[in-house]
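Here's the letter readout for the chains.
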Amino acid sequence: MNEKVIKVVVCSGTACYVMGGSELLLLGDHIPAKWKGNVELEGSPCLGYCKDKSNGKAPFALVDGELISQATIPDILRKIGEKLGER
Ligand code: FES
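Note that the structure is predicted; figures quoted are calculated from it, not measured.

Colleague: I'd like to hear about helix H2 (residues 73-83), residue by residue, with values.
Modeller: If you check which residues of H2 are buried, you get Ile73, Ile76, Leu77, Lys79, Ile80, Gly81 and Lys83. At its buried positions, H2 is contacted by strand E1 (6-11), helix H1 (14-24), strand E2 (39-44), strand E3 (61-63) and strand E4 (66-68). The first or second residue beyond H2 is Gly85, which carries a positive phi of 80°.

Colleague: An account of the pattern of salt bridges is requested, with residue identities and associated values reported.
Modeller: Side chains that differ in sign of charge can pair as their charged atoms come close. Considering all chains together, one arrives at six salt bridges under this definition. Glu86 is paired through a salt bridge with Lys34; the nearest N and O atoms lie 3.2 Å apart. Of this pair, Glu86 sits in the segment after H2 while Lys34 sits in the loop between H1 and E2; the two residues are 52 residues apart in sequence, bridging distant segments of the chain. In this structure, the salt-bridge partner of Arg78 is Asp75, at a minimum N-O distance of 3.5 Å. One end of the pair is Arg78 and the other is Asp75, both in helix H2 and three residues apart, which spans about a single turn.

Colleague: Describe the environment of Lys83, naming the residues involved and giving the relevant values.
Modeller: Its location among the elements puts Lys83 in helix H2. In this view, Lys83 contacts Lys4, Ile6, Val63, Asp64 and Glu66; residues no more than four positions away in its chain are not counted. A polar atom in the side chain of Lys83 sits 2.7 Å from the side chain of Glu66.

What counts, and at which threshold
Residues numbered from 1 in each chain as written. Predicted model: local features only at pLDDT ≥ 70, side-chain atom pairs only at ≥ 80, totals over all residues. Heavy atoms only, no water. Buried < 20%, exposed > 50% of the residue type's maximum accessible area, 1.4 Å probe, protein only. Helix = DSSP H or I, 4+ residues; strand = E, 2+ residues; numbered from the N terminus. Contact = heavy atoms within 4.5 Å. Salt bridge = Lys/Arg side-chain N within 4 Å of Asp/Glu carboxyl O. Polar contact = N/O pair within 3.5 Å; in protein donor to acceptor, adjacent residues only side chain to side chain.

By themselves, these observations are geometric and do not establish any function.
Okay, here's the thing in structure tokens:
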């Protein structure tokens, strides 16, 4: 049993939202049952990353503090898996 809790922050600011962030907010429906106790999901107003092009493109999400640009649900799930040590 993995006791780790991975915090996932999905940006729901305007730039991210229009670039696909709205879909990311459905992430909760895609978390596998085995991870239910390991993932803390949060929506956030603009995280500020869209203001600087060097961060990549919207939508942005943070997985355990690690920035993902052009985030998709599979990208986020893959990163959570990595953080939980399931590669
Ligand atoms: S709207 Fe998402 S980082 Fe600004």
